[in-house]
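Examining the three-dimensional arrangement
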Amino acid sequence: MFPNVVFTIFGLPVRDTVISTWVMMGLIVGLALILNRCQPTMLEIIVDFLTDTISDVMGCPAAPYLPLLGTLAIFIAVANVIGVIPFLVSPTHDVNTPLALALVVFISVHYFGIRAKGLIGYLRALASPFFMLPLEIIGQLSRTLSLTLRLFGNIISTELIVAVIFSLAPLFVPLPLVGFSLFTGLLQAYIFTVLAAVYIGAALEANEPIRSRSVEYRT
Amino acid sequence: MSEMDSGTLITIVTIITAGFGIALGTIAPAMAEGRAVAKALESMARQPESARNIRTTLLIAMALLESTAIYVLLIVLILIFANPLLDRFF
C-alpha cells in the first residue's frame, strides 16, 4: 500500500509513484498529440469545459489562469485514474505528490495576488484589519495542508476500501467499488481545481466587495 | 491477563481509539453534508435557473466539510499503520 523504492540514482531514491508519473506524462503528451491530429474537437471540449468552470468560479475571465489550473485538473484526473492499470500505481497515493501540488497552488496564489496589486497593495490587503494578520497567515498555511490531505485522504481511503473488500471476497465483488474510486478521483480533481481557482480569486480581490456571482463571464 | 506488556496494551488502546475515533469523527461531517445537500436541493427546486451556481458552491462546500472527516481518517490511519508509540517500544 505504501510506496516502495524501486532504484536509486546518485543516492536519490526513486519510488514507484515517480515511475508511474513518468509513464503518465508520456501518456498525456502522446494522447494530446494523437487527439490533436485525429479529433481536435475533443480537446476543444475539454478546454471549453475547463474555461467555463474556472471563469464561473472566479467571476472573471479565466484566460490568464487557464494554463496553471487546467494543468492541475488534467494531471490530477489522470493521476487518480491511472491506478487501475496493472503495474502502475496512482502518483497521488503517496502524500508527497499532493503536497507538491498544494505548494504550487500556495506559491501561485501569492504570485497572482502580487502581480495584480503590487507588493505593497497585496500586503495591505492581506492585513486589512491589522490584528487579523496572524489568523490570515494560519489560514493560508492550513488551506495548503487541507488541500494536501483532502486529495491524499480520498485516494488512499478508496484504495484501502478496495483492498479490504478484495481480501475478503476476491475478483468480482470489489468491481463496483473500483468504479466508485474512479468517480471519487475525477471528483477530487474537479474539487482541487475549483478550490485553487477560489483561492486565486480571493487573492485577486481580497479587499474589494465581492462581485455578484450571478453575472456569467465567458471568454 | 496477569502480566500485560506495554506493547500489547498500546495495541489494544490504539484499536479501540481508532474504532471510536472514526465512528464519532464521521458523524458530524455526515450530518453537515446532509444539511448542505438538503438546503441546496430546496434552493434548486425553488429556483431552477440558478442551479448551476448552487451546484458549484455546493461542491466546494462539500469538499470543505469532507476535509474534517479526512483529518479523522488520517489520524486513524497513522494510529493503525504507523503508530509512533509502538515504535518507541519495539
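For the structure, check the block above.
Worth saying up front: this structure is predicted, and the values here are computed from it rather than measured.

The number of helices and strands found in chain B is 3 helices and 0 strands. In chain B, the succession of helices and strands from N to C terminus is α-α-α. On C-alpha atoms alone, chain B measures out to a radius of gyration of 20 Å, which is more than a quarter above the 12 Å that the 2.2 N^0.38 rule sets for 90 residues. Referenced to the eigenvectors of the C-alpha coordinate spread, the extents of chain B come out at roughly 70 × 20 × 10 Å. Expressed as a percentage of the 90 residues in chain B, the buried residues total 27%. In chain B, of all internal contacts separated by at least 6 residues, the share reaching a separation of at least 24 is 74%. Of the roughly 6100 Å² of accessible surface on chain B, a fraction of 70% belongs to carbon and sulfur atoms. Across chain B, the centroid of the 6 positively charged side chains sits 18 Å from that of the 7 negatively charged ones.

Time to look at the packing of aromatic side chains. Each aromatic ring pair is described using two quantities: the centre-to-centre distance and the angle formed by the ring planes. All names here are of chain A. In total, this model carries 2 aromatic pairs over all chains according to the counting rule given. Residues Tyr65 and Phe112 carry aromatic rings whose centres are separated by 4.8 Å and whose planes lie at 85° to one another, so their mutual orientation is edge-to-face. Here Tyr65, found in the loop between α2 (40-58) and α3 (66-81), pairs with Phe112, found in helix α4 (residues 96-117); they are 47 residues apart in sequence, far enough to count as distant. Ring pairs connect the aromatic residues Tyr65, Tyr111 and Phe112, which therefore count as one cluster.

Regions of empty space are outlined by a rolling probe, equal in size to a water molecule, passed over the atoms. Residues and elements named next belong to chain A. Each pocket or cavity is described by its volume, and for the largest pocket that value is around 850 Å³. In terms of lining, the largest pocket is formed by 31 residues, of which the most central are Ile46, Ala73, Ile74, Phe75 and Val78. Every element with two or more residues in the lining of the largest pocket is listed here: α1 (16-38), α2, α3 and α7 (175-204). Here the lining of the largest pocket is built from residues that sort into 27 nonpolar, 4 polar and no charged.

The next thing to look at is the pairing of strand β2 (residues 12-15) of chain A. Residues and elements named next belong to chain A. Here strand β1 (residues 5-9) runs beside β2; their pairing, made up of 4 bridges, is antiparallel. The partner of Val5 across the bridge, within β2, is Arg15. The hairpin turn running from β1 into β2, its antiparallel successor, is 2 residues long, and Phe10 in that turn takes a positive phi close to 50°.

On to the pattern of salt bridges. Enumeration according to the criterion identifies 2 salt bridges over all chains in this entry. The partner of Asp94 of chain A in a salt bridge is Arg15 of chain A, with the nearest N and O atoms 3.2 Å apart. Of this pair, Asp94 of chain A sits in the loop between α3 and α4 while Arg15 of chain A sits in strand β2, placing them 79 residues apart in sequence. Given a relative accessible area of 30%, Arg15 of chain A falls into the partly exposed group. Salt-bridge contacts for Arg52 of chain B lead to Asp56 of chain A; the nearest nitrogen and oxygen are separated by 2.7 Å. Of the two residues, Arg52 of chain B is situated in helix α2 (residues 51-81) and Asp56 of chain A in helix α2; the pairing between them involves two chains.

What follows covers the interface of chain B and chain A. Taken together, the contacts link 15 residues of chain B with 26 residues of chain A. For the pair chain B and chain A, the summed buried area comes to about 1600 Å², and 71% of that belongs to carbon and sulfur atoms. Here chain B and chain A share 1 salt bridge between them. In this structure, the connection of chain B to chain A is made through 2 residue pairs in polar contact (both at pLDDT 80 or more).

Scoring rules and cut-offs
- Residues numbered from 1 in each chain as written.
- Chains lettered and ligands numbered in written order.
- Predicted model: local features only at pLDDT ≥ 70, side-chain atom pairs only at ≥ 80, totals over all residues.
- Heavy atoms only, no water.
- Helix = DSSP H or I, 4+ residues; strand = E, 2+ residues; numbered from the N terminus.
- Rg over C-alpha atoms; globule rule 2.2 N^0.38 Å.
- Buried < 20%, exposed > 50% of the residue type's maximum accessible area, 1.4 Å probe, protein only.
- Contact = heavy atoms within 4.5 Å.
- Areas by Shrake-Rupley, 256 points an atom, 1.4 Å probe, with all protein chains shown as cover.
- Lys, Arg positive; Asp, Glu negative; His and termini not counted.
- Charge placed at Lys NZ, Arg CZ, Asp CG, Glu CD.
- Phe/Tyr/Trp six-rings, centres within 6.5 Å; stacked < 30°, edge-to-face > 60°.
- 1 Å grid on protein atoms, 1.4 Å probe; cavity = no way out; pocket = protein on both sides within 12 Å on 5 of 7 lines; lining within 4 Å.
- Points joined across faces, edges and corners; volume = space filled by probe spheres on them.
- Nonpolar A, V, L, I, M, F, W, Y, C, P; charged D, E, K, R; others polar.
- Pairing = 2+ DSSP bridges.
- Salt bridge = Lys/Arg side-chain N within 4 Å of Asp/Glu carboxyl O.
- Buried area = accessible area lost by both parts, 1.4 Å probe.
- Polar contact = N/O pair within 3.5 Å; in protein donor to acceptor, adjacent residues only side chain to side chain.

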